[in-house]
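Here is how the chains run, residue by residue.
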Amino acid sequence: MTGGSIHQLFEERAQRTPDHVAVVTDSEQIGYEQLNTDAGRLAAYLAATDGLPDAGSTVAICTQRPAEVLVSILAVLKAGHAYAVVDPKTPAQELHRLLGLARAKAVITNESLLPRVDDGRGRTAICLDTDAAHIAHAGPAPRDSAGHTPGGHTLGGPAAVLFTAGTTGRRTAVRTGHDRLVASYAAWSEVYGLSPEDRLLVTAPPATTEFTGGWIRALCSGATLVLSERPITADRIAAEQVTVAEMSPATAAELLDEELPSLRLLTVGGAPLRLDEQLRLQALLPAIGARVLSVYGTTEVAGCGTWFEPEQLPGPVAHPKRAAYLGLPFPGGAAEIRKGQIWLTPPEGGDAVPTGDAGRRQGEGPIEFRGRMADRVTIDGRTVDTYRVETALADHPHIQDVVITGDRGRTGSRLIAFVVPSAGAPFGAAPEAASLRARLTGVVPAGDIPEAVVRLRKLPVNAAGKVDREELPLPPIPGAARASGKSGAGDDTKEGAIAALVGVCAGFFAAVFTSVIFPGATDVTGVPGPWNVLFVLLYMAEWLAFAIGMGFLAVGRGLMLQRSESRGLTTAAHLAIVYLLVAWWPQDNLYRLADKTDWPRQAALIYTFNVPLMIAALIVMIWVVASLPDVKQRDR
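Residues numbered from 1 in each chain as written. Predicted model: local features only at pLDDT ≥ 70, side-chain atom pairs only at ≥ 80, totals over all residues. Heavy atoms only, no water.

1. Re the overall build of the protein chain
Summing up its helical and strand segments, the protein chain has 19 helices and 24 strands in all. Classification of the 636 residues of the protein chain by burial places 50% in the buried group. Sequence separation of at least 24 residues holds for 63% of the intrachain contacts in the protein chain that already meet a minimum separation of 6. When the accessible surface of the protein chain is totalled, it reaches about 28500 Å², and 57% of it is carbon and sulfur. (Helix = DSSP H or I, 4+ residues; strand = E, 2+ residues; numbered from the N terminus. Buried < 20%, exposed > 50% of the residue type's maximum accessible area, 1.4 Å probe, protein only. Contact = heavy atoms within 4.5 Å. Areas by Shrake-Rupley, 256 points an atom, 1.4 Å probe, with all protein chains shown as cover.)

Next up, the structure:
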């Protein structure tokens with residue numbers, strides 16, 4: 001390994017095996033020579049473009065195709081800049097904030113994304129599609145006597161701006177130099193043992209630290225990097241002849257029932273992996289010498305922290321479902337426990353950084369993960385170690401995953417368990433609070449036992465594969481926090497009063513003004529008894545439906561959000577229910593006033609009312625189905 005910068009390691013591989021496949025995506029494959037050439041032309045174009053920053057500045061990358069991201073990363077490095085990848089699907093306000101955090105002076109993007117990336121700060125924009133002809137004729141990037149693109153780098157020069165996952169707050173930017181990435185590659189090489197014969201599947205999105213580590217491990221080793229935007233399956237892994245796969249625990253969990261004969265190495269990162277899951281994954285790799293690694297590292301150390309495989313343990317573990325090990329530090333780095341918190345030293349020997357994670361270690365053995373410090377909550381002035389409660393429930397026969405957190409609406413005034421039922425759980429069932437209390441009594445302090453249980457189909461995760469606690473839906477029980485931020489019995493009473501007031505006013509309006517708005521629509525003087533009484537009751541039912549619908553419009557969305565994880569779908573279902581109730585009053589009155597043979601008016605009424613009624617019912621049906629527990633695994 002002679003390269004002084006990370007892109008030079010790639011260039012050395014491209015010179016040795018120019019015809020070897022470098023990248024495979026869902027739609028294309030690119031050889032090493034072609035990838036190096038494309039990146040060199042873009043680097044030359046960057047160098048010739050007016051308005052671009054001096055060497056060492058940050059160039060953001062916000063493109064739609066993974067191959068474009070890789071070409072852009074290598075081009076930025078060759079041109080002497082640091083890169084920062086931003087997901088184009090990021091909400092515009094957050095996208096602009098990330099560009100500001102990166103201090104990006106220019107952005108490589110697509111024409112269709114320009115309105116999203118333009119925040120009015122006058123950054124130079126290079127569009128890979130509309131500027132394609134100019135880039136193709138830019139010529140190769142300059143090379144030094146060794147055949148490398150010098151890029152203006154020293155070993156300690158800037159290489160990338162990586163963004164944290166934002167698990168415990170807003171995402172932050174971490175500036176990373178070539179020295180750290182080169183040292184990390186050397187450490188990964190020693191543990192992973194990648195070779196040009198390997199085909200490495202990376203499932204992490206391009207804007208993550210895990211993706212940066214993945215492309216470096218693959219392309220600097222001469223291996224083939226396999227990228228896919230489609231769901232990963234065992235058949236997909238076999239079809240692509242993948243030998244090494246990198247994924248999050250959530251992605252790995254979807255493969256727990258499938259054999260993976262082509263893999264010689266499976267690494268799981270982004271979040272700690274339970275020991276029992278690691279052992280199950282190991283059993284899916286029948287090849288002799290195949291390994292499953294749990295890897296751990298924060299963005300501050302470029303993801304190069306520790307690695308674990310069961311052989312590091314001195315002996316069997318009594319409760320593998322309750323244990324998650326982070327293992328030993330990668331070569332060149334260090335990991336230590338300070339006052340119960342894990343600190344990592346990057347492989348190039350920089351300063352140790354706190355991870356925010358709790359851990360423990362016996363002697364020189366592997367580090368055991370003990371939860372995130374920020375996930376602990378305060379109940380009545382006492383700190384609750386939620387991870388301890390979660391691990392105590394890990395081997396519950398009816399629980400697949402569980403997260404314990406405080407009632408967000410009341411700043412941790414009580415504990416709530418968010419539970420994903422296991423495949424063996426009774427159909428549609430999940431443990432209730434009483435069941436959890438019985439299991440936890442005597443295991444954890446009484447004050448650490450959750451008071452409420454919320455059933456989920458799956459836990460929400462962010463792009464890095466970590467549980468996103470801010471996206472956990474609010475509990476469907478009286479007094480629990482609501483999307484509006486209100487909680488408690490007093491708020492229930494207040495919302496009930498609001499619904500009643502709105503409903504009474506709406507019903508009164510409908511009853512009093514029907515004859516004004518729809519003259520003659522409710523006239524029953526010509527209707528003989530007892531049919532006239534039935535029609536009057538019908539009118540009263542319409543007024544009542546209108547009143548209920550308007551009352552539900554005022555408070556219904558908050559109630560429905562307690563049952564669903566999808567805010568957009570819930571909003572649509574809420575409005576659909578309101579329409580189903582409210583529409584009867586104007587609809588029936590207009591029908592009664594329309595002549596039966598007035599076909600234009602009849603058609604207009606049908607398309608104005610009946611078609612939307614059917615659409616509203618369909619939306620409600622979709623919401624109901626989506627809110628049911630996920631029983632797919634049970635059926636399988």
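2. Observations concerning the side chain of T405
The residue T405 is located in strand β22 (residues 399-406) in this model. Residue classification places T405 among the buried positions, given a relative accessible area of 12%. The residues touching T405, leaving out its near neighbours within four places in the chain, are V377, R414, L415, I416, F418, R469 and L472.

3. Structural notes on the pairing of strand β10 (residues 224-227)
The alternating pattern of β10 places T224 and V226 on one face and L225 and L227 on the opposite face, and all of these are buried. Across two bridges, the pairing between strand β1 (residues 21-24) and β10 is parallel. Across the sheet, V24 pairs through a bridge with V226, a residue of β10. Here strand β9 (residues 199-202) pairs with β10 via four bridges, running parallel. Counted as the bridge partner of L200 is L225 from β10. In this region the chain leaves β9, passes through helix α8 (residues 209-219) and returns to the parallel neighbour β10; the handedness of that crossover is right-handed. (Pairing = 2+ DSSP bridges. Right-handed = clockwise from strand over helix to strand, strands pointing away.)

4. Here's the deal with the confidence of the model for the protein chain
In this model, the protein chain carries a mean pLDDT of 84, and residues with pLDDT of at least 70 account for 88%. Across the protein chain, the element-wise mean pLDDT spans from 32 in helix α19 (residues 632-635) up to 97 in strand β14 (residues 306-308). Across residues 629-636 the pLDDT falls below 50, and counting only partners more than four positions away or on other chains, this stretch makes 13 contacts in the model. (pLDDT = per-residue confidence, 0-100.)

5. Looking at a nonpolar patch on the surface
Nonpolar side chains collect at one region of the surface, where W531, V533, L534, F535, V536, L537, L538 and M540 lie side by side and expose about 740 Å² of accessible area between them. Residue position: L534 is located in helix α15 (residues 531-561). Its relative accessible area of 48% is what places L534 among the partly exposed residues. (Patch = residues over 30% accessible without salt bridge, like charges linked within 9 Å, V, L, I, M, F, W, Y side chains within 5 Å. Salt bridge = Lys/Arg side-chain N within 4 Å of Asp/Glu carboxyl O.)

6. A word on the packing of aromatic side chains
Any two aromatic rings considered together are summarised by their centre-to-centre distance and by the angle between their planes. Tallied over the full model, the rule gives four aromatic pairs. Look at F10 and Y32: their rings are 5.8 Å apart centre to centre, the planes differ by 25°, and that puts the pair in the stacked class. Placement of F10 in helix α1 (residues 6-16) and of Y32 in helix α2 (residues 32-48) is noted, with a sequence separation of 22 residues between them. There is no split in this pair, since F10 and Y32 are both buried. Judged by centre distance (5.3 Å) and plane angle (25°), the rings of F308 and Y325 are stacked. In this pair, F308 is assigned in strand β14 and Y325 in strand β15 (residues 325-329), connecting sequence segments 17 residues apart. Overall, the relative accessible area of 10% leaves Y325 in the buried class. (Phe/Tyr/Trp six-rings, centres within 6.5 Å; stacked < 30°, edge-to-face > 60°.)

7. Considering the packing of helix α7 (residues 178-192) against α8
At a minimum axis distance of 10 Å, the contact between α7 and α8 shows a crossing angle of 70°. Here α8 runs roughly perpendicular to α7, going by the angle between their axes. When the axes of α7 and α8 are compared, the crossing they make is right-handed. From α7, L181, Y185, W188 and Y192 reach across to α8, where they touch G213, I216 and R217. (Axes fitted to C-alpha atoms, helices over the stretch in contact; angles between N-to-C directions. Parallel < 35°, antiparallel > 145°, perpendicular 65-115°, else oblique. Left-handed = near helix turned anticlockwise from the far one by under 90°.)

8. Description of the environment of A302
Within the secondary structure, A302 sits in the loop between β13 (291-296) and β14. When its relative accessible area of 3% is taken as the criterion, A302 is described as buried. Expressed as a C-alpha distance, the spacing of A302 and T209, which sit 93 residues apart in the sequence, is 6.5 Å. Setting aside chain neighbours within four positions, we find A302 in contact with L162, T176, R180, L181, S184, W188 and T209.

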